[in-house]
Amino acid sequence: MSAAVERRLARFRAARGASPRPAEPPGKAAAPEAAEGQRAAAAGAGGGAQARPGGAAAAPVWARPLLLKVLLWAVLLALFAELELGLPYFVLSLLYWIYAGTRGPAERRPGELSAYSVFNPGCAAIAGTLTAEQLERELYYRPAAGR
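None of these values were measured; they are calculated from a predicted model. (Residues numbered from 1 in each chain as written. Predicted model: local features only at pLDDT ≥ 70, side-chain atom pairs only at ≥ 80, totals over all residues. Heavy atoms only, no water.)

Chemist: Mind laying out the environment of Trp73, listing which residues take part and the relevant values?
Modeler: The residue Trp73 is located in helix α3 (residues 65-82) in this model. Along the chain, Trp73 and Ser93 lie 20 residues apart, while their C-alpha atoms are 8.7 Å from each other. Residues contacting Trp73, with those up to four places away along its chain left out, are Tyr89, Phe90, Ser93 and Trp97. (Helix = DSSP H or I, 4+ residues; strand = E, 2+ residues; numbered from the N terminus. Contact = heavy atoms within 4.5 Å.)

The following block contains the structure:
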């Protein structure tokens, strides 16, 4: 590496508070015992939560929203199945998930085009769309315009 890159790397490490890593030959991994010791120290310091490289601890398993939603849905499914309404609950759940999983046009990111060109400004097609003109050109073996 060049000297400028080395200086920038040293400044970055100093700002981060990390010590420079010793250079290892390519293809040679660190000793497994050292890696296990580092993992055990990280797990012990985090109180059971997994340590992330950025220093932030991951949320505990019981506090993840998706897991809680799935567990609530399963409990309600069991309750409705006991009341002999399990199938309607399941079907209505699927319909809700389909509805909630689709995005409306207001949720589109700026500059994002729709897959359906009629919804885009000026009916602009996305890349890779087969147009009627292109299909006709390919059927009659005409060269593409501008090539």
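Continuing now.
Chemist: I'd like to hear about helix α4 (residues 86-101), residue by residue, with values.
Modeler: Its 16 residues give α4 an end-to-end C-alpha distance of 22 Å, which sits within 8% of 22 Å, the value for a rise of 1.5 Å per residue. Every buried residue of α4 is listed here: Gly86, Tyr89 and Ser93. Taken around the axis of α4, the buried residues stretch over an arc of 60°, which confines them to a single face. In α4, the exposed positions that point more than 90 degrees away from the buried face belong to Leu87, Leu92, Leu95, Ile98 and Tyr99. (Expected span 1.5 Å × (residues − 1). Buried < 20%, exposed > 50% of the residue type's maximum accessible area, 1.4 Å probe, protein only. Arc of directions from axis to C-beta.)

Chemist: Pulling in residues and values, what's your account of the side chain of Ser114?
Modeler: Structurally, the position occupied by Ser114 is in the loop between α4 and α5 (132-139). Residue class for Ser114 comes out buried when judged on its relative accessible area of 10%. From its side chain, Ser114 meets the backbone nitrogen of Tyr116 in a polar contact 3.1 Å long. (Polar contact = N/O pair within 3.5 Å; in protein donor to acceptor, adjacent residues only side chain to side chain.)

Chemist: Break down the packing of aromatic side chains for me, citing the residues and quoting the values.
Modeler: Enumeration over the complete set of coordinates arrives at four aromatic pairs. For the pair Trp73 and Trp97, a centre-to-centre distance of 5.3 Å together with 45° between the ring planes defines the contact as tilted. Of this pair, Trp73 sits in helix α3 while Trp97 sits in helix α4, and the two are 24 residues apart along the sequence. The exposure class of Trp97 is partly exposed, given its relative accessible area of 43%. Between Phe80 and Tyr89, the ring centres sit 4.8 Å apart and the planes meet at 10°, which makes this aromatic pair stacked. You can call Phe80 partly exposed: its relative accessible area is 26%. (Phe/Tyr/Trp six-rings, centres within 6.5 Å; stacked < 30°, edge-to-face > 60°.)

Treat this as a map of the structure, not an account of what it does.
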